[in-house]
Amino acid sequence: TQNIHEISRVKNLSRVQIGQYEVEPWYFSPYPPEFSDSSLVYICEFCLCAYHKEICFRRHRSKCKLRHPPGKEIYRNKDISFFELDGRIQKPYCRWLGLLSKLFLDHKTLYYDMDPFLFYVMTQNDEYGCHILGYFSKEKESLENYNLACILTLPQHQRKGYGRLLIQFSYELSKIEKKNGSPEKPLSDLGLLSYRAYWSEAIVDYLLSLKRMDDRSAASVEQIAAATAITPLDIVHTLNTLGALKYYRNEFVLHLSDAIIEGFIRTSKKHRHVIDPSCIQWTPYS
Ligand code: ACO
Ligand code: ZN
């Protein structure tokens, strides 16, 4: 039986506590109906189990041994790690993660069947453990060549460059797979903004790595696609949005204006974090 919230999709939780943070959910998520009556829902930051009674949460915390997401650590660089989880194997964690992320995702239906997905959870590590910053999910096999199904930076960590890190990581995995990938559609407004920013940067970064001007204007979409793992379609859209395609003697040529390059240098200076591909220890799912 579906409860009334699920039908009307009214936001059902008023506040959630996770680790040292309290956040206000954005959207409905199918937590048990009795959670709606609670003014604060407690989420264990390590196993993501949720409780609507403080006493039950405290009892859980005194017993919970987990200090990092269950699954394999496939990346570590300074204080940032990625853990790979299999929806079929780490089922309870992935279910809780799905419920938590639905609080901040409106346009996605929650998949109840986690088996076809892998989850990449990014953490920041200190002496207490590996604290979740965000994650993305990815189909084990995607017919549409999607390299990412769902992405979330927890709201308390947004706008600090972590979304960019998650996106970069998804493309680094595609490079290892020797495939081009694109995120599952539709994208949310925030998803689109973040992807546009990433694509522009990755493409301009690659073009600037070609030192000779002639090589830059002669670069083909296929060549950029091979270097970045971004799909040709996303590349053409991005170059077009950047105003980097000029129609000249009956064909499109690439032209990076000084304004584009300056914009790029300005944004890349802001980056607090990037993924170092040499720290990834990963083999594609088979
Ligand atoms: N307003 C304007 N620009 C933004 C915003 C915003 N609120 N958020 C991101 N951007 C753009 C900016 O260009 C930003 O770069 P800047 O900060 O240097 O200007 C760039 O995106 C990257 O920002 P990050 O800090 O790296 O991104 P963040 O960690 O905030 O994560 C994300 C982005 C994952 C989309 C986050 O907003 C989120 O979790 N939203 C809720 C869930 C969601 O909508 N997910 C995407 C659904 S689509 C899909 O899953 C396939
Ligand atoms: Zn726990």
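A quick note: this is a predicted structure, and the numbers were derived from the prediction, not measured.

Undergrad: I'd like to hear about a nonpolar patch on the surface, residue by residue, with values.
TA: The grouping of Trp26, Leu190 and Leu193 at the surface amounts to a nonpolar patch, some 310 Å² of accessible area in total. Counting through the fold element by element, Trp26 comes out in the loop between strand S2 (21-23) and strand S3 (41-43).

Undergrad: I'd like to hear about the packing of aromatic side chains, residue by residue, with values.
TA: Using the criterion set out here, one finds 16 aromatic pairs in the structure. Taking 5.4 Å as the distance between ring centres and 10° as the angle between the ring planes, the aromatic pair formed by Tyr171 and Tyr198 counts as stacked. Within this pair, whereas Tyr171 is found in helix H4 (residues 162-177), its partner Tyr198 is found in helix H5 (residues 189-209), the two being separated by 27 residues in sequence. Taken as a pair, Tyr171 and Tyr198 share a single burial class, namely buried. Within the aromatic cluster, the residues linked to one another by ring pairs are Tyr75, Phe82, Tyr120, Phe136 and Phe169.

Undergrad: Describe the coordination of the zinc ion (ligand 2), with residues and values.
TA: Cys44 (SG), Cys47 (SG), His60 (NE2) and Cys64 (SG) make up the full set of protein donors to the zinc ion (ligand 2), lying at 2.1 to 2.4 Å. Residue classification places Cys47 among the buried positions, given a relative accessible area of 11%. Assessed through its relative accessible area of 10%, Cys64 is described here as buried.

Undergrad: Break down H4 for me, with residues and values.
TA: The end-to-end C-alpha separation of H4 is 23 Å, in line with the 22 Å expected for 16 residues at 1.5 Å each. Burial runs high along H4: 13 of the 16 residues are buried. Following H4 by one or two positions, Lys178 adopts a phi angle in the positive range, close to 55°.

Undergrad: Any details on unusual backbone geometry? Residues and values, ideally.
TA: With omega at 0°, the peptide bond leading from Lys185 into Pro186 counts as cis. Position of Pro186 among the secondary structure elements: in the loop between strand S11 (182-183) and H5. Unusually for a residue other than glycine, Leu48 sits at a positive phi of about 70°. Inspection of the secondary structure puts Leu48 in the loop between S3 and strand S4 (50-51). Residue Leu48 is classed as buried on the basis of its relative accessible area of 0%. Notably, Lys78 is not glycine yet its phi reads approximately 55°, a positive angle. Among the secondary structure elements, Lys78 is positioned in the loop between strand S5 (72-77) and strand S6 (80-86). Lys78 gets classed as exposed once you look at its relative accessible area, which sits at 76%.

Undergrad: Break down the sheet that holds S5 for me, citing the residues and quoting the values.
TA: What the five strands build is an open sheet, ordered S5-S6-S7-S8-S10; its pairing is antiparallel. Because the sheet does not close on itself, it has two edges, and the strands there are S5 and strand S10 (150-153). When the angles between neighbouring strand axes are averaged without regard to direction, this sheet yields 20°. Where S5 and S6 come together, five bridges link them in antiparallel fashion. Across the sheet, the residue bridging to Lys72 is Glu84, located in S6. Each of S5, S6, strand S7 (117-126), strand S8 (129-139) and S10 touches H4; the most contacted strand, S8, lies at about 50° to it.

The rules behind the values
Residues numbered from 1 in each chain as written. Chains lettered and ligands numbered in written order. Predicted model: local features only at pLDDT ≥ 70, side-chain atom pairs only at ≥ 80, totals over all residues. Heavy atoms only, no water. Patch = residues over 30% accessible without salt bridge, like charges linked within 9 Å, V, L, I, M, F, W, Y side chains within 5 Å. Areas by Shrake-Rupley, 256 points an atom, 1.4 Å probe, with all protein chains shown as cover. Salt bridge = Lys/Arg side-chain N within 4 Å of Asp/Glu carboxyl O. Helix = DSSP H or I, 4+ residues; strand = E, 2+ residues; numbered from the N terminus. Phe/Tyr/Trp six-rings, centres within 6.5 Å; stacked < 30°, edge-to-face > 60°. Buried < 20%, exposed > 50% of the residue type's maximum accessible area, 1.4 Å probe, protein only. Donors = N, O, S within 2.8 Å, 3.2 Å for Na, K, Ca; no water. Expected span 1.5 Å × (residues − 1). Pairing = 2+ DSSP bridges. Axes fitted to C-alpha atoms, helices over the stretch in contact; angles between N-to-C directions. Contact = heavy atoms within 4.5 Å.

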